[in-house]
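A structural walkthrough
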Amino acid sequence: MFRMLIDGHESHHMVLTYVYEHTRRFSCLVFLFQIYFYFYFVQIRMLMVFFMLKRSWFSLQVDEQMQENLLAGRGIVFSRILEAVSFQGSGDKIKLPPSCFTGLSDQGAFDKGPLYFQLSVVHQEGSSEMIDTDSKQSTTHSGVLEFTAEEGSVGLPPHVWSNLFPIDSPKAPLIEVQYVWLPKGTYAKLQPDVVGFSDLPNHKAVLETSLRQHATLSEGDVITVNHGILTYKLQVLELRPSSSVSVLETDIEVDVVGPDSGLESSQPVLKPLIFGKAESGMVEEGNYNYFKFSIDNDIWDRIAAEDVRVEVRIEAETNNGDTDLYMSKHPLMFPTRHQHEWSSHDIGSKVLILGSKDKNLGMGAYSIGVHGFKGTTKYNVAVSVQENRNHKVGQQAGSSSSMDIDAVECRNCKHFIPSRSIALHEAFCSRHNIVCSHPGCGIVLRIEESKNHLHCEKCGQAFQQGEMEKHMKVFHEPLQCPCGVVLEKEQMVSYTNPASSSLLKILRWFILLSDLV
């Protein structure tokens with residue numbers, strides 16, 4: 001550039017042009033840098049404002065959550081995330097670790113009455129934890145049973161566990177346990193999963209007994225009600241005055257609505273029977289089909305006067321299977337091999353005749369159980385009222401009196417035969433008939449039929465050979481009671497009947513006590 005200044009005027013002009021161009025470019029660069037740094041600092045300030053707003057928002061959320069916790073707990077803030085473990089118990093009361101007792105006691109929670117907790121499922125995603133609020137049933141409520149759980153865990157009874165984890169629970173399930181206050185319930189609408197619950201005698205009293213084991217109710221929960229060997233599941237549809245209430249020391253109006261046909265259940269169903277109308281069905285081996293009927297005042301008055309009798313009849317196809325008939329009076333709603341009041345085990349068709357001389361008969365509801373003994377059996381079951389047709393007095397007097405005057409006892413069959421034909425009778429009887437020699441039997445049989453005539457070695461009853469297999473399985477096969485006792489059928493029915501003698505039960509308790517000693 002200095003050489004251009006020395007060389008002359010033109011060179012000087014070029015130098016000025018060169019300087020001008022470069023100065024202009026430098027100014028543009030400075031201007032661009034100014035704009036860049038301006039937007040850079042603006043962006044920094046916007047980020048600072050954003051973080052300040054976010055911090056304020058989180059603070060506001062924390063304050064709102066704190067206010068909600070204070071409101072939910074009536075001034076007590078208590079929340080823990082614990083690992084859920086199951087234990088065998090009834091009702092909805094959970095077990096908490098001792099540290100929870102200290103945390104609640106320090107805030108005076110025990111001075112505010114019964115303790116209630118909201119339980120929410122916590123889903124783990126990687127290392128972070130978040131409470132799942134989208135699950136169909138991930139929140140419920142409970143009371144507390146005791147503070148004996150291991151630190152870091154909470155014990156859940158089956159009722160609470162099934163409501164929090166209705167399908168499959170994770171390997172290490174976590175739940176948030178939060179102290180809350182609940183109002184006393186005034187109304188509850190419940191829906192059983194199957195028909196039959198309303199048929200229980202005084203079913204509301206049965207429900208009340210089950211609710212005594214609960215401290216809370218929440219909409220969407222499913223309550224399990226046990227009645228003898230029966231189990232019913234009822235879903236909580238509606239509660240008042242809130243969606244979660246306390247059921248301690250309060251009177252709740254309860255409505256039980258019809259069952260939801262969409263819910264799956266294996267609970268048996270009682271199908272109603274009308275007198276004189278047969279119902280058809282099919283039962284597989286090992287299963288039961290159940291029916292019900294009622295004896296009202298009019299029918300019972302006629303039975304008591306010995307004018308009529310009640311007949312329960314099953315007409316079954318025996319080509320590929322066979323059935324058993326069991327019957328009971330309510331409150332025993334579903335008779336079984338273990339528990340029933342009447343039974344019939346004949347091969348093929350069966351009939352039970354109930355009359356005035358039966359001490360267990362009376363007004364009320366009755367259940368019929370058709371049990372599949374073998375294969376798959378088609379059948380028709382019916383209940384009818386039949387008139388008692390007694391023989392007229394002296395109907396057979398003429399013939400019997402004449403035989404008594406001149407009759408001789410046959411030496412083979414021991415029947416009294418007129419003396420004029422005794423010789424021919426004995427000759428024919430000795431060639432074709434044989435008398436069963438089993439003590440107490442004495443049945444006269446054809447010689448060809450005697451091969452199929454058998455007596456049970458245990459009870460001595462007589463059967464045809466084809467009937468013996470069923471008799472041994474029904475009456476002498478060992479049955480096990482849920483309490484562990486193993487008995488034959490007759491003893492088992494007596495053992496499980498609450499109205500029967502409790503000698504076997506007392507004996508069982510003595511055995512258990514001797515084992516403990």
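Residues numbered from 1 in each chain as written. Predicted model: local features only at pLDDT ≥ 70, side-chain atom pairs only at ≥ 80, totals over all residues. Heavy atoms only, no water.

**Points about the overall build of the protein chain**
Test applied: Only DSSP runs of H or I reaching four residues or more are called helices, and only runs of E reaching two or more are called strands; each is numbered from the N terminus. A simple rule labels every residue: compare its accessible area, found with a 1.4 Å probe on the protein chains alone, to the largest value its type can have, and call it buried under 20%, exposed over 50%, or partly exposed in between. Note on definitions: a residue-residue contact is assigned when non-hydrogen atoms from the two residues lie within 4.5 Å. Residue-level accessible areas treat just the shown protein chains as cover; the underlying method is Shrake-Rupley with a 1.4 Å probe.
Counting secondary structure elements, the protein chain contains eleven helices and 30 strands. In the protein chain, which comprises 517 residues, the proportion classed as buried is 34%. At a minimum sequence separation of 6, the contacts of the protein chain that also span at least 24 residues come to 66%. About 32300 Å² of surface is accessible on the protein chain, with carbon and sulfur atoms providing 55% of the total.

**Notes on the pattern of salt bridges**
The cut-off we apply is this: Only one rule defines a salt bridge in this text: a Lys or Arg side-chain nitrogen within 4 Å of an Asp or Glu carboxyl oxygen.
For the structure on display, the rule yields eight salt bridges. The partner of lysine 350 in a salt bridge is aspartate 322, with the nearest N and O atoms 3.3 Å apart. Residue lysine 350 is located in strand S20 (residues 350-354), and its partner aspartate 322 is located in strand S18 (residues 322-329); the two are separated by 28 residues in the primary sequence. Three or more residues are tied together by salt bridges with common partners; here these are Arg309, Glu311, Arg313 and Glu315.

**Some words on the sheet that holds strand S13 (residues 253-256)**
Note the threshold: Strands are treated as partners if at least two bridges between them are detected by DSSP. Axis geometry follows a simple rule: fit a line to the C-alpha atoms, using only the stretch in contact for helices, then measure angles between N-to-C directions, giving values from 0 to 180 degrees.
One open sheet accounts for four strands, arranged S10-S11-S8-S13; its pairing is mixed. With one partner strand each, in any of the chains shown, strand S10 (222-227) and S13 form the two edges of the open sheet. Mean inter-strand twist for the sheet, computed between neighbouring axes without regard to direction, equals 35°. Helix H5 (residues 203-211) contacts strand S8 (187-192), S10 and S13 of the sheet and is inclined by roughly 115° relative to S10.

**Some remarks on helix H6 (residues 297-304)**
Let me state the cut-off plainly: A 3.5 Å cut-off defines polar contacts: any pair of N or O atoms within that distance qualifies, except that in protein one atom must be a possible hydrogen donor and the other a possible acceptor, and neighbouring residues in sequence count only when both atoms are side-chain atoms.
Between a side-chain oxygen at the N-terminus of H6 and the backbone nitrogen of aspartate 298 the separation is 3.4 Å; the capping residue is aspartate 296. Trailing H6 by a residue or two, glutamate 306 shows a phi angle of about 60°, which is positive.

**Focus: the pairing of strand S1 (residues 79-86)**
A regular strand places its side chains so that they alternate between the two faces of the sheet. Two elements, S1 and strand S7 (residues 174-180), share five bridges in a ladder whose sense is antiparallel. Bridge pairing links arginine 80 to valine 177 in S7. Pairing analysis gives four bridges linking S1 to strand S6 (residues 153-156), with the strands arranged parallel. Across the sheet, alanine 84 pairs through a bridge with valine 154, a residue of S6.

**Here's the deal with the packing of aromatic side chains**
Two measures describe an aromatic ring pair: the distance that separates the ring centres and the angle between the ring planes. Here is the rule we go by: Paired rings are identified among Phe, Tyr and Trp, the last through its six-membered ring, by centres lying within 6.5 Å, and are further divided according to the angle between planes into stacked (under 30 degrees), edge-to-face (over 60) and tilted (the rest).
Counted by the stated rule, this structure contains 13 aromatic pairs. Ring centres of tyrosine 288 and tyrosine 326 lie 6.5 Å apart, and the angle between their planes is 50°; this geometry places the pair in the tilted category. One end of the pair, tyrosine 288, is in strand S16 (residues 288-295); the other, tyrosine 326, is in strand S18, with 38 residues separating them in the sequence. Look at tyrosine 326 and you get buried, because its relative accessible area is 1%. Here phenylalanine 291 and tyrosine 379 contribute two aromatic rings whose centre-to-centre distance is 6.4 Å and whose plane-to-plane angle is 85°, an arrangement assigned as edge-to-face. Of this pair, phenylalanine 291 sits in strand S16 while tyrosine 379 sits in strand S22 (residues 376-387), and the two are 88 residues apart along the sequence. An aromatic cluster of at least three residues, connected via ring pairs, comprises Phe275, Phe293, Trp342 and Tyr366.

**Considerations on the sheet that holds strand S21 (residues 364-374)**
The five strands lie next to each other as S14-S16-S21-S18-S19, forming an open sheet whose pairing is mixed. Lying at the two open borders of the sheet, with one neighbouring strand each, are strand S14 (270-272) and strand S19 (342-344). Strand after strand, the sheet turns through a mean of 25° between neighbouring axes, direction not considered.

**Comments concerning the pairing of strand S11 (residues 230-240)**
In this sheet, S11 lies alongside S8 in antiparallel orientation, the contact comprising six bridges. Pairing of tyrosine 187 across the sheet is with arginine 240, part of S11.

**A few points about helix H8 (residues 422-432)**
Let me state the cut-off plainly: This arc corresponds to the set of directions leading from the helix axis out to the C-beta atoms.
Within the span of H8, buried status applies to Ile422, Glu426 and Cys429. Projected down its long axis, H8 carries its buried residues within an arc of 70°, all on one side. Within H8, the exposed residues directed more than 90 degrees away from the buried face are Ala423, Leu424 and Arg431. Elements that come into contact with the buried residues of H8 comprise strand S23 (407-409), strand S24 (416-418) and strand S25 (433-435).

**Some points on the environment of serine 162**
With respect to the element layout, serine 162 can be found in helix H4 (residues 158-164). Among the residues examined, serine 162 registers a relative accessible area of 39% and is labelled partly exposed. Put simply, serine 162 and valine 222 are 60 residues apart on the chain and 8.3 Å apart in space, counted from C-alpha to C-alpha. Here histidine 159 takes part through its backbone oxygen, which lies 3.0 Å from a polar atom of the side chain of serine 162.

**Section: unusual backbone geometry**
Between arginine 240 and proline 241 the backbone carries a cis peptide bond, its omega angle lying at 10°. If you trace the backbone, proline 241 turns up in the loop between S11 and strand S12 (244-246). One non-glycine residue, glutamate 249, lies in positive phi territory at about 55°. Along the polypeptide, glutamate 249 turns up in the loop between S12 and S13. Taking the relative accessible area as the measure of exposure, glutamate 249 reaches 74% and is therefore exposed. Phi at glutamate 306 is positive, roughly 60°, even though this residue is not glycine. For glutamate 306, the location among the structural elements is in the loop between H6 and strand S17 (308-316).

**Some remarks on the environment of histidine 141**
With respect to the helices and strands, the residue histidine 141 is situated in strand S5 (residues 139-146). Once residues within four sequence positions are removed from consideration, histidine 141 is found in contact with Asp92, Phe117, Gln118, Val180, Leu182, Thr216, Ser218 and Ser244. Here serine 244 takes part through its side chain, which lies 3.1 Å from a polar atom of the side chain of histidine 141.

**Describing the confidence of the model for the protein chain**
Note the following rule: Confidence of the predictor at the level of single residues is given by pLDDT, which spans 0 to 100.
When pLDDT is averaged along the protein chain, the result is 76, and 65% of the positions lie at 70 or above. Predicted confidence is poor over residues 126-137, with pLDDT under 50, and the contacts of this stretch with residues over four places away or in other chains come to 21 contacts.

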